[in-house]
Amino acid sequence: MPAPIRLRELIRTIRTARTQAEEREMIQKECAAIRSSFREEDNTYRCRNVAKLLYMHMLGYPAHFGQLECLKLIASQKFTDKRIGYLGAMLLLDERQDVHLLMTNCIKNDLNHSTQFVQGLALCTLGCMGSSEMCRDLAGEVEKLLKTSNSYLRKKAALCAVHVIRKVPELMEMFLPATKNLLNEKNHGVLHTSVVLLTEMCERSPDMLAHFRKNEKLVPQLVRILKNLIMSGYSPEHDVSGISDPFLQVRILRLLRILGRNDDDSSEAMNDILAQVATNTETSKNVGNAILYETVLTIMDIKSESGLRVLAINILGRFLLNNDKNIRYVALTSLLKTVQTDHNAVQRHRSTIVDCLKDLDVSIKRRAMELSFALVNGNNIRGMMKELLYFLDSCEPEFKADCASGIFLAAEKYAPSKRWHIDTIMRVLTTAGSYVRDDAVPNLIQLITNSVEMHAYTVQRLYKAILGDYSQQPLVQVAAWCIGEYGDLLVSGQCEEEEPIQVTEDEVLDILESVLISNMSTSVTRGYALTAIMKLSTRFTCTVNRIKKVVSIYGSSIDVELQQRAVEYNALFKKYDHMRSALLERMPVMEKVTTNGPTEIVQTNGETEPAPLETKPPPTGPQPTSQANDLLDLLGGNDITPVIPTVPTSKPASAGGELLDLLGDINLTGSPAAAATPSSVPQISQPPFLLDGLSSQPLFNDITTGIPSITAYSKNGLKIEFTFERSNTNPSVTVITIQASNSTELDMTDFVFQAAVPKTFQLQLLSPSSSIVPAFNTGTITQVIKVLNPQKQQLRMRIKLTYNHKGSAMQDLAEVNNFPPQSWQ
Amino acid sequence: MIKAILIFNNHGKPRLSKFYQHINEDTQQQIIRETFHLVSKRDENVCNFLEGGLLIGGSDNRLIYRHYATLYFVFCVDSSESELGILDLIQVFVETLDKCFENVCELDLIFHVDKVHNILAEMVMGGMVLETNMNEIVTQIDAQNKLEKSEAGLAGAPARAVSAVKNMNLPEIPRNINIGDISIKVPNLPSFK
């Protein structure tokens, strides 16, 4: 069999192939030759064959049959063989093949080889693809090499150690003694990899971090090295564009960042050197900017003094104005990281950031968009929104969905007026209507319902918007819904905000019918349109027959959803005409169920489910409100507005006076009236009142911990503890979780917990987990209380407990005053 | 950590691919294609940073690339690496290649893939930067190459002959040897570089 061709020959041959098929053919031929050569166990040419195999692997052809051959090469004595063998192992093998374990012994031997390059190869391979078993076996050898004086091996051993630690974190302690002297090296390569090793150890284990901070005095050492680098002047071997070993500088700065985070002493020790680096580094080349960037990140992360922080933000501001796109990108990224902590400082650069929205570079635009959303606040909302809407108009499609969602969120949080809010939404719907996310439509509808006084204006604008073009589905859906609801306002021609347009009922029906017929409308949109037409049958007077006709046509539609709707509506016309007006009433103001906690809780009535009362005693009739007022008077407040306007109040059986009786008769955290008759007037939104558990309310997702819990009540074996949570998005809301436990020998049954707060607060009590407190502290009842404290006053609460214990009914009243300041400030 | 280092040409043909995490071969090829697709769309005067494609692992990963003549050098890194630092690292890598290959061009990379791997192994190990000093790297590579050559035995003879002639300093042979009045001209040998 002729000698296998050399790698270079193979490459030359493959390059002559003109088509993919030709190339494949050549490669297959060569693979066959290589396979037969492997079978012959030919030692001399194995190296060449494996090299060719690796080349073919890079081009994308399967090469797994060479794995064992790599192992044989590694076991050979020649350096050339080992080199290719290890390279093959790194490229072809990984943890998933069992074959790799066979390497362990070879690597072990090579780690103790006399030639440093062979040891280096072994370390390299172990560090690239060593599995956890291999690492466990060979960690000792690596550790030995970490202490050697040969700098070539030492640096490789350091990185290998990093890999070992990543795979087998328990072995971290083993490398600790070897790290003591690592930073005393002169060789920059070793210094660099040692810093990497130390960084890895500190990041992985807080114990290590503490150890390095205190015992090893790592920070002074690093500061010393950094100082030498800066002051040393020109050193030809480490110089990159005029700066001495910038890679090492950047690494040290990163490690300093980890060491200084949340630690005052370390941060103080590095203040000087950071200031020095920040002021002395030359910024004309990329290298200097890289160091400055790292310095800025470090300053922002540690507990630096304010002058230093101002310096850092100014450097970032300078970066933003730099011509180099990379620098600007990097500046935007770091500003995004700091905008949470140093919001005001970043605000100063807002105009530059907004300019970046117009940049041609996609990466920069994305960063600028994210940063702009983070910078929006109540003061700059109008200006920012103008820019963002312009951006939405002109940006690439991949941004539009994110931008639209961001605009909606920002508008919701900071809208200066309802009209502005609706205008903004309209603008987004018309410009990027098809990119709006699906969940935006119900949110928008709910928003429009809530802004009662804007209904006429909204429906008019929506009508005008879809008159011209009804292809953007979300826009059409919202418009159809609004026209269905407020069509009467539309034709009546009343609108305060804008010039009212004259629209006849027929024109409205025309547009809705065209939406129904159009090919561009999706099934969902059609459903919206049909329902809207149906609703108009109660709101329009002259065109009811036309509506009946349309509805009956769709009774035989192919689309099952439409057909079902049409058939039901038909039935409504025929058999249930007396109910039609009641059913097609105006929708009430909708309750908002979002996880970010609305500031006010809206009452529902009618169509939505009545508030459940699980274990509370049923309400003793219509809500008596005056006792609530009396109780709150006792807690020392002012007037309270009536709880529910539509429910008549009845006089209480016992007059005001004794607190116990007051609390006994009324259900303080009582249910809202389950008023069955839907009112034709949309409900007044957001009266402040005490409300019982709408158990569908989910708890806050983003919470901060760290507020100490208190024991609110402890008597007769019953202990009640309060734990607190604050929401990040709404600082005036506190969520209190109460836990009631019972240390006596008998259970407490029918346990009811009630609470009242002063008038400046609002309270919401969710349903408890059960009504039995088991004995001997074997279990607890948990219940959640939400307190809204907009004026940030000191939290006080009066609680009443009723339960049955040892056969007798017990009642107790207590006042809770020991709320920790973090719970209400 | 550096997740992957890719070198491909303007048409997407891979010239070097090294992955520092476990990815199977099909996915590797897909990643190369996807990366080429993302990088080739870029204009000349935009920044050198890109969000990684879906395959290479999501929003934490960034592609940092540099375009030299016909080759794209792409490093896929996660957030623990400094972007500007990686740009410098690419520059150092290319300069090292230049020193090792003498005016490196794409052909050198094509025909000496294994050597490029060796150089890279001296710079980046296990996804972390090992050595950034160009001279140091070149010294070590030279030493290892010498070791290889000394082992090569007979098969290496032509290569050794070539390098021996290369090191012969022909231009210094005097053109004119003057011994009194007799001037003997030495024939003009073609300069063998």
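Keep in mind that what you see is a predicted model, and the values were worked out from it rather than measured.

Novice: Describe the environment of Leu-530 of chain A, with residues and values.
Specialist: Residue and element names in this part refer to chain A. Its location among the elements puts Leu-530 in helix 28 (residues 523–539). Between the C-alpha atoms of Leu-530 and Leu-516, which are 14 residues apart in sequence, the distance is 7.2 Å. Once you skip the residues sitting within four places of it in the chain, Leu-530 turns out to touch Leu-516, Tyr-554, Leu-562, Arg-565, Ala-566 and Tyr-569.

Novice: Which residues make up the confidence of the model for chain B, and what are the values?
Specialist: Interpretation of this model should avoid reading the predicted coordinates in detail wherever pLDDT is low. Averaged over every residue, the pLDDT of chain B is 82; residues scoring 70 or more account for 75%. Reported confidences for the modelled complex are a pTM of 0.63 and an ipTM of 0.73.

Novice: Describe in detail a nonpolar patch on the surface, supporting the description with residues and values.
Specialist: On the surface, Tyr-576, Met-579 and Leu-583 of chain A cluster together into a nonpolar patch covering about 270 Å² of accessible area. Within the secondary structure, Leu-583 of chain A sits in helix 31 (residues 577–583).

Novice: For the sheet that holds strand 4 (residues 62–68) of chain B, give the residues involved together with the corresponding values.
Specialist: Residue and element names in this part refer to chain B. In spatial order, the strands read 2-1-5-4-3; together these five strands make up an open sheet with antiparallel pairing. Each edge of the open sheet carries a strand with a single partner, namely strand 2 (14–19) and strand 3 (49–51). In this sheet, adjacent strand axes meet at a mean angle of 20 degrees when their direction is disregarded. For strand 3 and strand 4, the ladder comprises three bridges, and the chain directions are antiparallel. Looking at the pairing, Phe-49 lines up with Ile-64 of strand 4.

Novice: So, the nonpolar core: which residues are in play, and what are the values?
Specialist: Judged by nonpolar contacts, the single largest core of 226 residues is most densely connected at Leu-259 of chain A together with Ile-2 and Phe-93 of chain B. It is helix 26 (residues 473–492) of chain A that provides the largest number of residues to this core, a total of eleven residues. With sequence-adjacent residues up to four places away left out, Leu-259 of chain A is seen in contact with Cys-202, Leu-209, Phe-212, Arg-213, Leu-218, Val-219, Leu-222, Ser-266 and Met-270 of chain A. Among the nonpolar cores identified, the runner-up in size contains 32 residues, and Ile-785, Met-797, Val-816 and Phe-819 of chain A belong to it.

Novice: Report on the pattern of salt bridges, specifying residues and quantitative values.
Specialist: Residue and element names in this part refer to chain A. This model, assessed by the stated rule, comprises 46 salt bridges over all chains. A salt bridge links Glu-69 to Lys-72; the shortest N-O distance between them is 3.4 Å. Remark: Lys-72 and Glu-69 occur in helix 4 (residues 67–75); sequence separation between them is three residues, near one turn of the helix. Classification of Glu-69 as buried rests on a relative accessible area of 6%. Judged by its relative accessible area of 28%, Lys-72 is partly exposed. A salt bridge links Arg-798 to Glu-815; its shortest N-O distance comes to 2.4 Å. Of this pair, Arg-798 sits in strand 10 (residues 797–805) while Glu-815 is found in strand 11 (residues 808–816), placing the two residues 17 residues apart along the sequence. Salt bridges linked by common partners bring Glu-41, Arg-46, Glu-69 and Lys-72 together as one network.

Cut-offs used in this document
Sequence order sets the numbering: in each chain, residues are counted from 1 along the sequence as written. All chains are assigned letters beginning at A, and all ligands numbers beginning at 1, according to the order in which they are written. Local features in this predicted model are restricted to residues of pLDDT 70 or higher, and side-chain atom pairs are both shown and tallied only at a pLDDT of 80 or more, whereas totals for entire chains, interfaces and linings draw on every residue. By convention in this description, side-chain values take in all heavy atoms of the structure and omit both hydrogens and water. Strands here mean DSSP runs of E at least two residues long; helices mean DSSP runs of H or I at least four residues long; both are numbered from the N terminus. Two residues qualify as a contact provided that any one of their heavy atoms is within 4.5 Å of a heavy atom in the partner residue. One confidence number per residue, pLDDT, is output by the predictor and ranges from 0 to 100. A residue counts toward a patch only above 30% relative accessible area and without a salt bridge, and it is joined to like-charged neighbours within 9 Å or, for Val, Leu, Ile, Met, Phe, Trp and Tyr, to nonpolar neighbours within 5 Å. In these tables, accessible area is a Shrake-Rupley quantity obtained with a 1.4 Å probe, and a residue counts as shielded only by the protein chains included in the view. Salt bridge, as used here: a side-chain nitrogen of Lys or Arg that lies within 4 Å of a carboxyl oxygen of Asp or Glu. Pairs of strands are assigned from DSSP output, requiring at least two bridges between the strands. Angles shown run from 0 to 180 degrees and are taken between the N-to-C directions of axes, each axis being a line fitted to C-alpha atoms and, for helices, limited to the stretch in contact. Definition of nonpolar core: a set of buried residues of the types Ala, Val, Leu, Ile, Met, Phe, Trp, Tyr and Cys, connected through side-chain atoms within 4.5 Å. Exposure categories follow from relative accessible area, calculated using a 1.4 Å probe and restricted to protein chains: below 20% of the type maximum is buried, above 50% is exposed, and the middle band is partly exposed.

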